[in-house]
Structure formats: C-alpha cells, structure tokens
Amino acid sequence: GAGVSQTPSNKVTEKGKYVELRCDPISGHTALYWYRQSLGQGPEFLIYFQGTGAADDSGLPNDRFFAVRPEGSVSTLKIQRTERGDSAVYLCASSFQGRDSPLHFGNGTRLTVT
Amino acid sequence: EDQVTQSPEALRLQEGESSSLNCSYTVSGLRGLFWYRQDPGKGPEFLFTLYSAGEEKEKERLKATLTKKESFLHITAPKPEDSATYLCAVEYGNNRLAFGKGNQVVVIP
C-alpha cells in the first residue's frame, strides 16, 4: 500500500519567508509525528498528533513553528519568518495507536533557507 | 545529556565480513528500543522493536539484541546492499522517540 507522502520533496526559501510543509499519512493511521533531521544527526522530535489534536508539541523549537491536522489525516507544518538555522530535512511519520505499532516515515522535505 | 549513543559512527566492511553496531542508552523505564535503516535521501525504514532485556529479533542478515544498558545490531555476512545508516531510538513518554546519530555502514564488494 501507499506509504507516508510528503510534499514538496525540496523547498528553497529566503530568510524571513513563510513556508508550509505537507504530510499525507498512511490511511488508517491515527497517530502522526513531525521530526527534524539535520545533517549527520538523528531525527529530532517536534510534535505528535493523536487524531486532530496535538497531544505533545513540546519539541517545537519556538513559536515560529506551528502544525495542524484539522481532519485527523493530512497535516501541515508551518514555519513563519524562516531563519537559516531552520534548514534541515523535515520528516513526517505515522502509526496506529498502540505499543506494537512502529513509526513509518516519509522521505521528508528538504528545507533550505538562503 | 545524550540519551542514545551509537558507535562506531562509521564502519567499512568487506562483503561477507560480519560485524556489530552498538547503541547505548540512558533513559530510565525503557518503553521500547527501535532500529531503523536510512538510505541517502530517504526516510528511516523500520527494522525492529525490542522491549525487554534478553530479547532478540532477526531479519535476513540482521539480528538485534537488547540488554539493560545497550542494544547491538549484528550484521552477518553483509552484502553491498546492506550499506546504509542504521539508527537506534528509544521511546520515552508520549510516543516520543529519541534517536542516536546513527552508524554509517559501507559494505565493499
């Protein structure tokens, strides 16, 4: 079946601009996660949705970052007033709820802020 | 303080040369330890979940083991297609995963 889909695959933007990154999870997965991966590092947790609500947003680095999942499926990560330090690969993952349900990741959006 | 430390950072193996990757963790009350494989330009691909010390899981040439302080990923008779970065992660509170930096493995034909 189809995996987690993320668009765009690459995004180049200028410092100070606003960007939106989209994630289509695997059908039927109720849990959705955003992670950020910098070069040479492992993924870093940003936010976790259970259904429509953000169950844990403690990984968001500051208030320029915001994510929504209005209908409990597709999610959008929004970054305002982008900074060069925001450049990274943004990964989305989804899973069923429950102990034996691992995260399935998309291929990410590579964000470059110039 | 790092919760997950992986070693070695990089490893070059001859095809058929078995080796092990190490993942040490410091989180208390482990809820699960995960191994993922990541190819360049791709997202992490799930391999294994381990829950308790003594547990082992196998998939083709890969075998994951878990103790109270660390996990090992054993690669037996590797092939060039096993070249990838292997990521270890531990689950802690609210379904969050803390990842290590990864073990970059290159298998030379």
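As a starting point, this report considers the structure included with it. Here the residue index of a chain counts from 1 through its sequence in written order. As a convention, the first chain written is A and the first ligand written is 1, with the rest following in written order. Owing to the predicted nature of the model, reporting of local features is limited to residues with pLDDT of at least 70; listing and counting of side-chain atom pairs is limited to 80 or more, with chain, interface and lining totals taken over all residues. Side-chain metrics in this entry use all non-hydrogen atoms of the structure; hydrogen atoms and water are not considered.

Bringing the overall build of chain A into the picture now. Check the secondary structure of chain A and you find zero helices and eleven strands. Along chain A, from the amino end to the carboxyl end, the secondary structure elements read β-β-β-β-β-β-β-β-β-β-β. With C-alpha atoms as the basis for the radius of gyration, the globule rule is written as 2.2 Å multiplied by the number of residues raised to the power 0.38. The C-alpha radius of gyration computed for chain A amounts to 13 Å, which stays within 12% of the reference 13 Å derived for 114 residues, consistent with globular compactness. Principal-axis analysis of the C-alpha atoms gives chain A an extent of 40 × 25 × 25 Å. Buried residues are those whose accessible area, probed at 1.4 Å on protein chains only, stays under 20% of the maximum for their type, while exposed residues exceed 50% and partly exposed ones sit between those limits. Within the span of chain A, comprising 114 residues, buried residues form 46% of the whole. Total accessible area computed for chain A in this model is approximately 5500 Å², and 47% of it derives from carbon and sulfur atoms. The positive count covers Lys and Arg only, the negative count covers Asp and Glu only, and His and the chain ends enter neither. Positions of charges follow a simple convention, taking NZ of Lys, CZ of Arg, CG of Asp or CD of Glu. Computed over 12 positive and 11 negative side-chain charges, the separation of the two mean positions in chain A equals 6 Å. Segments assigned H or I by DSSP are reported as helices when at least four residues long, segments assigned E as strands when at least two residues long, and all are numbered from the N terminus. All accessible-area figures derive from a Shrake-Rupley calculation using a 1.4 Å probe, and residue coverage is judged against the displayed protein chains alone.

Here we take up the nonpolar core. Residues and elements named next belong to chain B. Residues belong to one nonpolar core when they are buried, are Ala, Val, Leu, Ile, Met, Phe, Trp, Tyr or Cys, and are joined through side-chain atoms within 4.5 Å. If you look at the biggest cluster of nonpolar residues, it comprises 24 residues, and the most contacted ones within it are Leu21, Leu33, Trp35, Leu73 and Tyr86. Broken down by secondary-structure element, the contributors of at least two residues to this core are strand 2 (10-14), strand 3 (19-25), strand 4 (33-38), strand 5 (45-50), strand 7 (62-66), strand 8 (70-75), strand 9 (84-92) and strand 11 (103-108). Counting residues per element, this core draws most heavily on strand 9, at four residues. Once residues within four sequence positions are removed from consideration, leucine 33 is found in contact with Cys23, Tyr25, Phe48, Thr49, Leu50, Leu66, Ser71, Cys88, Ala89 and Val90. The contact criterion used throughout is that any non-hydrogen atoms of two residues lie within 4.5 Å.

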